[in-house]
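# Summary of the model geometry
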Amino acid sequence: HMYQMRLNQLGYDEVAFAHTTFGRLNTERDDVDVTLPWEDLIPPSLTASKSSDAPAESGELGRTNSLGMKIYRRLNIVLEEVSDVSRILLPTAANAKAAANVASS
């Protein structure tokens, strides 16, 4: 992507792409692999190696493109009401049930 090359020429060595959502998260709309897929952020022409395509190791954030720039994905959540906090931090009934099923198997 031209913008990554231009930012690199200007001396930037890290780029963060963000997705913003308001209030309750929608897993179909706000999932990071839907809104900010790696193949769109680091196209094959800027992929450093197969290792940068692999999921980041535990504790490691972002991926590195062939220019040596670290690329990050982030989520901004705008809380519109106090009740939004519990909607974000507490699992839904469906998620809790799915987690219980996984734990029991």
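See above for the structure.
All of the points below concern the structure found in this document. Treat the numbers as computed from the prediction; the structure is a model and nothing was measured. (Residues numbered from 1 in each chain as written. Predicted model: local features only at pLDDT ≥ 70, side-chain atom pairs only at ≥ 80, totals over all residues. Heavy atoms only, no water.)

### What about the overall build of the protein?
Regarding its fold elements, the protein presents 7 helices and 3 strands. When the elements of the protein are put in sequence order from the N terminus, they spell out α-β-α-α-α-α-β-β-α-α. Counting every position in the protein, which comprises 105 residues, the buried fraction comes to 22%. Total accessible area on the protein is roughly 7,500 Å²; 56% of this is exposed by carbon and sulfur atoms. (Helix = DSSP H or I, 4+ residues; strand = E, 2+ residues; numbered from the N terminus. Buried < 20%, exposed > 50% of the residue type's maximum accessible area, 1.4 Å probe, protein only. Areas by Shrake-Rupley, 256 points an atom, 1.4 Å probe, with all protein chains shown as cover.)

### Focus on the pairing of strand β1 (residues 14-22)
Side chains Val15, Phe17, His19 and Thr21 of β1 all project onto a buried face; the interleaved residues Glu14, Ala16, Ala18, Thr20 and Phe22 project onto a face where none is buried. Inspection of the sheet shows β1 paired to strand β3 (residues 70-78) by 9 bridges, in the parallel sense. For Ala16, the partnering residue across the bridge sits in β3 and is Tyr72. (Pairing = 2+ DSSP bridges.)

### Some words on the nonpolar core
Val15, Phe17, Leu36, Trp38, Leu41, Ile42, Met69 and Ile71 form the largest nonpolar core, which has 8 residues in total. Of all elements in the fold, only β1 and α4 (38-41) reach the threshold of two or more residues within this core. (Core = buried A, V, L, I, M, F, W, Y, C linked by side-chain atoms within 4.5 Å.)

### Some details on the side chain of Thr21
Looking at the secondary structure, you find Thr21 in strand β1. Side-chain polar atoms of Thr21 contact the side chain of Asp30, separated by 3.1 Å. For Thr21, the contacting residues outside a window of four places in its chain are Arg29, Asp30, Leu75, Asn76, Ile77 and Val78. (Polar contact = N/O pair within 3.5 Å; in protein donor to acceptor, adjacent residues only side chain to side chain. Contact = heavy atoms within 4.5 Å.)

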